[in-house]
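# What the coordinates show
Residue strings, one per chain:
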Amino acid sequence: TFFQLEGMVIDKEVSINNLIYVMKNILKGIYNKDVEVRLRPGFFPFVEPGFELDIKCPICDGKGCPTCKNSGWSELCPCGMVHPKVLEASGIDPKVYSGFAFGIGLTRMAMFKYNIADIRVLNSGNINSLKQIGIE
């Protein structure tokens, strides 16, 4: 089972800066603190350019752990600027409008919010494991 929160913004003069601003504010609202993010190039057919949005690993605070594969960063979501062909297919003039889109896995967000080192705990169906981490 996979649960995902998707978002899209289309307007005049939307840029990658808007994408970063919105994502940082969504994450601040979820985690109740500023979250350090970075973008890495990624391919997704409906966005151009496409990115992987990573956050500083909340499990180890960027020091390196098994959850972030000792990199200090954890992949959170794919995102990017909506491809002009997608806008055209939707009847929107890409010369006037632009936009961004993202999709965040909800279990990954819960994992980081509750400092769960292994995402499989959330999908295990083991009620005792969930109670130990304060989810009932």
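Structure: see above.
Calculation rules
Residues numbered from 1 in each chain as written. Predicted model: local features only at pLDDT ≥ 70, side-chain atom pairs only at ≥ 80, totals over all residues. Heavy atoms only, no water. Helix = DSSP H or I, 4+ residues; strand = E, 2+ residues; numbered from the N terminus. Buried < 20%, exposed > 50% of the residue type's maximum accessible area, 1.4 Å probe, protein only. Contact = heavy atoms within 4.5 Å. Areas by Shrake-Rupley, 256 points an atom, 1.4 Å probe, with all protein chains shown as cover. Patch = residues over 30% accessible without salt bridge, like charges linked within 9 Å, V, L, I, M, F, W, Y side chains within 5 Å. Salt bridge = Lys/Arg side-chain N within 4 Å of Asp/Glu carboxyl O. Core = buried A, V, L, I, M, F, W, Y, C linked by side-chain atoms within 4.5 Å. Expected span 1.5 Å × (residues − 1). Polar contact = N/O pair within 3.5 Å; in protein donor to acceptor, adjacent residues only side chain to side chain. Pairing = 2+ DSSP bridges. Axes fitted to C-alpha atoms, helices over the stretch in contact; angles between N-to-C directions.

## Observations regarding the overall build of the protein chain
Of the regular secondary structure elements, the protein chain holds five helices and five strands. Listed N to C, the secondary structure of the protein chain is β-α-β-β-β-α-β-α-α-α in terms of helices and strands. Overall, the C-alpha framework of the protein chain stretches about 55 × 30 × 25 Å when taken along its three principal axes. Looking at the protein chain as a whole, 31% of its 136 residues qualify as buried. Look at the contacts in the protein chain between residues 6 or more apart in sequence, and 55% of them connect residues 24 or more apart. For the protein chain, the accessible area works out to roughly 8,400 Å², and carbon and sulfur atoms hold 52% of it.

## Notes on a nonpolar patch on the surface
On the surface, Met8, Ile10, Val96 and Tyr97 cluster together into a nonpolar patch covering about 330 Å² of accessible area. For tyrosine 97, the location among the structural elements is in strand β5 (residues 97–105). Take tyrosine 97: its relative accessible area is 31%, and that puts it in the partly exposed class.

## Notes on the nonpolar core
Counting 23 residues, the largest nonpolar core has Leu27, Leu53, Ile55 and Leu76 as the members making the most contacts within it. Within the residue set of this core, elements represented by two or more residues are α1 (16–31), β3 (47–56), β4 (73–82), β5 and α3 (106–113). The contacts of leucine 27, once residues within four sequence positions are left out, are Asn32, Lys33, Val35, Val37, Leu53, Ile55 and Leu76.

## Focus on the pattern of salt bridges
The final tally for this structure, using the stated rule, is eight salt bridges. In this structure, aspartate 54 engages arginine 38 in a salt bridge whose closest nitrogen and oxygen atoms are separated by 2.9 Å. Here the residue aspartate 54 occupies a position in strand β3, and arginine 38 occupies one in strand β2 (residues 37–41), the gap between them amounting to 16 residues. On the basis of relative accessibility, which here comes to 1%, the residue aspartate 54 falls in the buried class. For arginine 38, a relative accessible area of 31% corresponds to the partly exposed category. Residue arginine 120 pairs with aspartate 118 through a salt bridge whose shortest N-O separation is 2.7 Å.

## Structural notes on α1
Counted at 1.5 Å a residue, the expected span for α1 with its 16 residues is 22 Å, and the 22 Å between its end C-alpha atoms agrees. The inward-facing, buried residues of α1 abut β2, β3, β4, β5 and α3. With a side-chain oxygen positioned 3.2 Å from the backbone nitrogen of asparagine 17, the residue opening α1 is serine 15. Asparagine 32 lies just past α1 and shows a positive phi near 60°.

## Some words on the sheet that holds strand β1 (residues 4–12)
Spatial ordering of the open sheet is given by β1-β5-β4-β3-β2, a layout of five strands whose pairing is antiparallel. Here the strands that pair on one side only, and so sit at the sheet edges, are β1 and β2. Here the average twist between neighbouring strands, direction ignored, is 25°.

## Structural notes on α3
Of the positions making up α3, those classed as buried are Thr107, Met109, Met111 and Phe112. At its buried positions, α3 is contacted by α1, β3, β4, β5 and α4 (120–123). Phi turns positive one or two residues past the end of α3, at asparagine 115, with a value near 55°.

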